[in-house]
Amino acid sequence: MPPDLQIINARLPDRDGLWNLVLSQGKIAAIAPAASPDPTADFSNTLNANASLLIPGLVDGHIHLDKALLLDRRPAHTGTFAEAMAETLSLKQGFTEADIQARARQVLDRAIGFGITAMRSHVEVDPTAGLRSLEALLPLRQEYRWGITLQLVVFAQEGITQQPETLPLLRQAMALGGDAIGSAPYVDPDPKANVRHIFDIAQEYDCDVDFHLDFLDDDEPLLLPFVIAETQRRGWQGRVCLGHMTKLAGLPPEQLADLAAALRETQISILALPASDLYMMSRQETYNQRRGVAPLHRLAEQGVNVGVATNNILNLFTPFGDGDVLKICTLLAQVLQLGTTASHRLCLAMATTQAARAIGIADYGLTIGSQADLVLLKATSVAEAVGAAPADRTVIKAGQVVAQTRLDRQIFAPGPVMV
Ligand SMILES: [Zn+2]
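Here's what I pulled together on the structure shown here. (Residues numbered from 1 in each chain as written. Predicted model: local features only at pLDDT ≥ 70, side-chain atom pairs only at ≥ 80, totals over all residues.)

Comments concerning the overall build of the protein chain
- Of regular secondary structure, the protein chain possesses 13 helices and 16 strands.
- Rg of the C-alpha trace for the protein chain: 22 Å, near the compact-globule value of 22 Å for 419 residues, within the 12% margin.
- Principal-axis analysis of the C-alpha atoms gives the protein chain an extent of 65 × 65 × 50 Å.
- When the 419 residues of the protein chain are sorted by exposure, 49% land in the buried category. (Helix = DSSP H or I, 4+ residues; strand = E, 2+ residues; numbered from the N terminus. Rg over C-alpha atoms; globule rule 2.2 N^0.38 Å. Buried ≥ 20, exposed ≤ 12 C-beta atoms within 10 Å, placed from the backbone.)

A look at the environment of Leu170
- Among the structural elements, Leu170 can be located in helix 4 (residues 166–176).
- Setting aside chain neighbours within four positions, we find Leu170 in contact with Val125, Val154, Ala156, Ile181 and Ile201. (Contact = placed C-beta atoms within 7 Å.)

Brief notes about the pairing of strand 15 (residues 393–397)
- Buried residues dominate strand 15, accounting for five of its five residues.
- Here strand 15 shows two buried faces, one formed by Arg393, Val395 and Lys397 and the other by Thr394 and Ile396.
- When strand 15 meets strand 16 (residues 400–405), the two strands line up antiparallel, connected through five bridges. Bridge pairing in strand 16 places Ile396 opposite Val401. (Pairing = 2+ DSSP bridges.)

A word on the nonpolar core
- Among the nonpolar cores identified, the biggest contains 121 residues, and Val154, Ile181, Ile270, Cys329, Met350 and Ala351 are the most heavily contacted of them.
- Ranked by residues supplied to this core, first place goes to helix 2 (residues 97–114) with seven residues.
- Shared between two domains, this core holds at least three residues of each, these being domain 1 (5–55 + 367–405) and domain 2 (58–358).
- Those residues in contact with Ala351, other than ones at most four positions away along the chain, are Leu58, Val59, Gly307, Val308, Val325, Leu326 and Cys329. (Core = buried A, V, L, I, M, F, W, Y, C linked by C-beta atoms within 7 Å. Domains from an automatic or database assignment.)

Details of the packing of helix 4 against helix 5 (residues 191–205)
- As a packed pair, helix 4 and helix 5 sit with axes 11 Å apart at the nearest point and diverge in direction by 30 degrees. Compared by their axis directions, helix 4 and helix 5 come out roughly parallel. Read as a crossing pair, helix 4 and helix 5 show a hand that is right-handed. Here Leu167, Leu170, Arg171 and Met174 of helix 4 come into contact with helix 5, specifically with His197, Ile201 and Tyr205.
- Of the residues contributing to the contact of helix 4 with helix 5, the split by class is five nonpolar, one polar and one charged. (Axes fitted to C-alpha atoms, helices over the stretch in contact; angles between N-to-C directions. Parallel < 35°, antiparallel > 145°, perpendicular 65-115°, else oblique. Left-handed = near helix turned anticlockwise from the far one by under 90°. Nonpolar A, V, L, I, M, F, W, Y, C, P; charged D, E, K, R; others polar.)

A short note on helix 4
- Here helix 4 has its buried residues at Thr166, Leu170, Ala173 and Met174. Projection of helix 4 onto a plane perpendicular to its axis shows the buried side chains occupying an angular sector of 100 degrees, all on one side. In helix 4, the exposed positions that point more than 90 degrees away from the buried face belong to Pro168 and Ala175.
- Its buried side turned inward, helix 4 meets helix 3 (132–143), strand 8 (149–156), strand 9 (180–183) and helix 5.
- Downstream of helix 4 by one or two residues, Gly177 has phi in the positive range, about 130 degrees. (Arc of directions from axis to C-beta.)

What follows is the structure in structure tokens.
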């Protein structure tokens with residue numbers, strides 16, 4: 001076994017004072033006040049946090065590795081959702097395994113540097129993509145295990161019922177090793193049948209479900225009640241995660257409260273994707289545009305597990321971003337007007353422990369027995385971490401330091417002028 005690591009003099013998000021942590025066999029073995037005597041006695045491998053903030057590893061619970069970094073090939077002209085769908089489908093025809101892997105590696109390398117220790121990527125499986133994207137990404141799941149836990153969701157982006165040849169492909173993809181199954185029912189002419197097909201496959205392969213749901217701001221009714229009912233009918237409580245859910249932002253409080261109660265009861269998690277949601281919402285409004293980001297804080301108040309994630313990086317769906325989910329956390333706090341100490345803590349949980357729960361990862365967080373997936377940030381408070389997303393980070397995966405970033409800034413103040 002590799003040697004144990006001890007971290008000394010760390011601030012923690014939910015505790016006052018400074019703390020020492022012992023990491024052993026990939027887990028957090030002990031957490032004790034830093035005043036404990038002789039902390040370095042038995043450890044050759046000690047990391048002194050020097051009063052910086054130690055947080056659980058960041059979790060990006062919703063990203064698309066297969067269509068990241070496409071903007072230089074196909075820039076936006078109108079910026080609409082319809083353009084993004086059509087142009088990305090056209091690009092997808094030319095994807096090769098090598099191309100997908102090269103772009104995914106860029107994102108994964110950066111993610112590990114940012115301190116993302118777990119990630120769930122949707123992977124498109126349909127008559128255009130075939131199994132190519134999944135076959136490209138499956139080896140990377142193993143190759144990058146040292147630095148990141150990567151889940152791959154077999155994802156029907158283009159609808160199912162209007163192209164039924166998608167269904168056998170989805171099943172083949174699950175047999176190849178997909179971790180979960182999902183779709184975007186709002187692009188399917190029969191959204192309910194689409195949802196039923198996905199649950200059928202989930203039951204066949206005993207896997208979690210992850211829908212892109214109730215995205216956009218049209219007048220179509222919410223599909224959420226149907227997904228809640230199917231979750232109950234199939235006994236899939238605690239195994240369903242929903243991304244976007246932008247339509248929740250348009251509900252009056254009493255309607256939102258009823259849905260929140262049902263979400264809590266069925267243990268369905270909601271992930272907001274604010275970089276994409278803000279970009280795509282309210283295109284038809286010429287002034288006073290709505291924000292269209294799911295009100296996660298209101299859902300959290302009622303016990304719903306909520307998180308925040310990246311979704312896309314530099315493509316037609318989201319022509320922004322570098323894959324740092326902590327920066328997305330900052331964006332969420334700004335958009336949802338979350339400025340109190342308690343709400344900053346909630347934001348951090350949404351990018352760490354709660355996002356982990358949303359994608360089915362147990363034993364995650366700053367507790368004894370949890371996975372030793374941690375990030376030491378150059379920040380002295382949660383407010384600074386969420387508010388400024390500091391660049392300087394030391395990343396620990398399964399008890400081992402796997403990345404370190406130090407910002408090299410030089411300031412050239414004018415010297416004294418000689419006359
Ligand atoms: Zn997505």
